[in-house]
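Summary of the model geometry
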Amino acid sequence: MLLRLTAILFIAAVSMPLVADDDAITVFNNVRVLSMSEAGVLENAAVTVQGSKIISVNDGAGEVPGGARVIDGKGMTLMPGLADMHVHYWSEVQGPLFLSNSVTTLRNMWGSSATFMLDAGAKRGALIGPHIYTPGPLMDGPDPSWGEGSLMVTSPEQAIGAVESQRTTGYKAVKLYEGLTPEIYAAAVKAARDRKMQVYTHVPKGMTVEEIIAFGPDSIEHFEGVSQSATTAEDQNARFMTRWATIDKERLAELASLSAEHGVWHSPTLTVIGTRYQYAADTEAFFSSSEAAYVGPGLVSWWSGSAARMGPYDEEKKQAIANQLAFVKMLYDADVPLLIGTDTPNPFVLPGFAIHDELAAFIEADIPVDEVLRIATADAAKFLREEGQWGVVAADARADLVLLDADPREDLTTLRRPVGVMVNGFWYDAELLATEREGILKSVTKETANSE
């Protein structure tokens, strides 16, 4: 997690407003399609889009309507855009970075009125950005971890009122945090269930992950509570990575079975609980990378300070990460549904770019690449109760599409350089996205100079 202050630490770029045309037709011709649906892979297809909706997918060349924009996809691959299912999205400047990395959908994990405005701005073309799904402000106990930005809930009655308030505000999910008592937590879950709202959760300090799984929340974030329940360390209050390095794999298997029994999804966010330790061990190399150039000076300062506390990338951390990956595979083998999420912009977790670290971690966990791509697309829509409505290339689905210069099943790096992205009825080609990124770089350079 992070403070709301980080919203202002990214430097805003100015995008030209666009105008959506619900009647405009785009045809992707001669393209390989990874449909992420029962249709499988189509090697030479035509996909026709009207406005923001796919109207047909033909196996073979299709008829091109008069006045349609035709994009020749010969030698290219068309697939649904990726979903980063755990982010903190408070700054419009991040939008082009997500699209530039093939991400067209976000599950923002700390909602506010600003979140609705960002989503609405992208939908009407005032901003360049992905779709946003969000719970309301996180609900915490009497001593909230993140201060006044959280909803401080001190009784079951308050929990019921807080859930109802979020429902009437327009949120379709709640996020429950670590300071809630068992009684308050139970009331909040029941209130959300009664209102058909989803529940995304951390594990409160006074509860175990087994107890949380038994409540059947929609998702557990960051493997919360797992290391406390499964560690063989003498002290359960040992450091996070120490607990993971000394994990009991038999207990992990039991937790996987329990998750499967209760239908709980897991959002591991491996990037933030593991990968970032590697980056933090060599901050000079990280901050000299082309990707880190998009990070404003405020975040550079925060992340550098965080690295000093994280320490060296030693054998204990390597073992901890290996055990986290092993648990991912246990969950997958137990048919526990998973989500791809990064927890950006926590230290060393770059907006947009970090999705590739998460994909790579899932593959390192020995999950087949085509399955990882399905998890990042069709399964994300299924989790959000919109199965088949997006995350697939199929007639009547939302046209969240990325056109790639290679087949990502053979070369995942192609997702880092989309030929173009379609979202919200707009087609953003690589040149336009490059212009947006250049604007961000100029702003960051200017802000950095002013801060020195």
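Our structure's up above, just so we're on the same page.
**A short note on the overall build of the chain**
Of regular secondary structure, the chain possesses 16 helices and 17 strands. Relative to its length of 452 residues, the chain is compact, with a C-alpha radius of gyration of 22 Å against a globular reference of 22 Å. In terms of principal-axis extent, the alpha carbons of the chain reach across some 70 × 55 × 45 Å. Residues classed as buried in the chain amount to 56% of the 452 residues present. Taking contacts inside the chain between residues at least 6 apart in sequence as the whole, the part at least 24 apart equals 71%. Carbon and sulfur atoms make up 51% of the accessible area of the chain, which amounts to about 17900 Å² in all. Side-chain charges of the chain comprise 35 positive and 60 negative groups, with the mean position of each set lying 3 Å from the other.

**Quick word on the packing of aromatic side chains**
Both the distance between ring centres and the angle between the ring planes are used here to describe each pair of aromatic rings. One pass over the structure, following the stated rule, counts 19 aromatic pairs. Ring centres 5.0 Å apart and planes at 80 degrees place the aromatic pair F286 and F348 in the edge-to-face group. Note that F286 is positioned in helix α10 (residues 283-287) and F348 in the loop between α12 (315-333) and α13 (354-364), a separation of 62 residues in sequence. For F286, a relative accessible area of 6% translates into the label buried. On the basis of relative accessibility, which here comes to 1%, the residue F348 falls in the buried class. Arranged with centres 5.8 Å apart and planes meeting at 45 degrees, the rings of W303 and F348 form a pair that is tilted. Highlighted residues: W303 in helix α11 (residues 297-310) and F348 in the loop between α12 and α13, separated in sequence by 45 residues. The residues W303 and F348 share a single accessibility class, namely buried. Chaining the aromatic ring pairs together yields one cluster made of Y279, F286, F287, W303 and F348. A cation over an aromatic ring shows up here: R107 above the ring of Y200, its NZ or CZ 4.4 Å from the ring centre. Positioned above the aromatic ring of Y277, the side-chain terminus of R276 is 5.9 Å from the ring centre.

**Quick look at empty space enclosed by the protein**
With the rule as written, the count across this model stands at two cavities of 30 Å³ or more. Quantified by volume, the second largest cavity comes out at close to 30 Å³. If you trace the second largest cavity, you find it lined by Y89, E92, L118, A122, L127, I128, G129, P130 and I132. Class assignment of the residues belonging to the lining of the second largest cavity gives a composition of seven nonpolar, one polar and one charged.

**Brief notes about the sheet that holds strand β8 (residues 131-133)**
With parallel pairing, three strands are arranged side by side in an open sheet as β6-β7-β8. Lying at the two open borders of the sheet, with one neighbouring strand each, are β6 (82-87) and β8. Across the sheet, the mean angle from the axis of one strand to that of its neighbour is 20 degrees, orientation sign disregarded. Sheet topology note: the β6/strand β7 (residues 103-108) ladder contains four bridges and is parallel. Of the residues in β7, the one forming a bridge with L82 is V103. Those strands touched by helix α2 (residues 113-124) are β7 and β8, and its axis lies near 155 degrees from that of β8.

**Here's the deal with unusual backbone geometry**
For the peptide bond that leads from T344 to P345, omega is 0 degrees, which places it in the cis range. Its place among the elements puts P345 in the loop between α12 and α13. A positive phi is found at D335, a non-glycine position, where the angle reads about 65 degrees. Along the polypeptide, D335 turns up in the loop between α12 and α13. A residue is classified by how much of its surface remains accessible, and D335, at 68% relative accessible area, is exposed. Here the phi dihedral of F348 falls at roughly 70 degrees; this positive angle occurs in a residue that is not glycine.

**Some points on the packing of helix α9 (residues 270-280) against α12**
To characterise two packed helices, one gives the angle between the axes of the helices and the distance between these axes. Running from amino to carboxyl end, α9 crosses α12 at an angle of 150 degrees, the nearest separation of the two axes being 10 Å. Of the possible angle classes, the one that applies to α9 and α12 is roughly antiparallel. Between α9 and α12 lies a crossing of left-handed hand. Residues L270, I273, G274, T275, Y277 and Q278 of α9 form the contact with α12, whose participating residues are K317, I321, Q324, L325 and V328.

**Focus on the environment of L127**
Tracing the chain through its elements places L127 in the loop between α2 and β8. What makes L127 buried here is its relative accessible area of 17%. Separated by 91 residues in sequence, L127 and M36 place their C-alpha atoms 28 Å apart. Sequence-distant contacts of L127, defined by excluding residues within four places in its chain, comprise E92, L118, G121, A122 and Y428.

**Description of the layout of surface pockets**
If a probe as big as a water molecule is rolled over the atoms, it shows which places are left empty. There is about 1000 Å³ of room inside the largest pocket. Surrounding the largest pocket, 39 residues form its lining, E178, E224, F240, R243 and R276 being those nearest its centre. A per-class count over the lining of the largest pocket returns 18 nonpolar, 11 polar and 10 charged. Reported here for the second largest pocket is a volume of approximately 390 Å³. The wall of the second largest pocket is formed by 19 residues, among which Y133, T134, G170, K172 and E386 lie closest to the centre. Those elements that provide at least two residues to the lining of the second largest pocket are α2, β8 and β12 (198-201). When the residues that make up the lining of the second largest pocket are grouped by side-chain class, the tally is eight nonpolar, five polar and six charged.

The rules behind these values
Residues numbered from 1 in each chain as written. Predicted model: local features only at pLDDT ≥ 70, side-chain atom pairs only at ≥ 80, totals over all residues. Heavy atoms only, no water. Helix = DSSP H or I, 4+ residues; strand = E, 2+ residues; numbered from the N terminus. Rg over C-alpha atoms; globule rule 2.2 N^0.38 Å. Buried < 20%, exposed > 50% of the residue type's maximum accessible area, 1.4 Å probe, protein only. Contact = heavy atoms within 4.5 Å. Areas by Shrake-Rupley, 256 points an atom, 1.4 Å probe, with all protein chains shown as cover. Lys, Arg positive; Asp, Glu negative; His and termini not counted. Charge placed at Lys NZ, Arg CZ, Asp CG, Glu CD. Phe/Tyr/Trp six-rings, centres within 6.5 Å; stacked < 30°, edge-to-face > 60°. Lys NZ or Arg CZ within 6 Å of the ring centre and 35° of its normal. 1 Å grid on protein atoms, 1.4 Å probe; cavity = no way out; pocket = protein on both sides within 12 Å on 5 of 7 lines; lining within 4 Å. Points joined across faces, edges and corners; volume = space filled by probe spheres on them. Nonpolar A, V, L, I, M, F, W, Y, C, P; charged D, E, K, R; others polar. Pairing = 2+ DSSP bridges. Axes fitted to C-alpha atoms, helices over the stretch in contact; angles between N-to-C directions. Parallel < 35°, antiparallel > 145°, perpendicular 65-115°, else oblique. Left-handed = near helix turned anticlockwise from the far one by under 90°.

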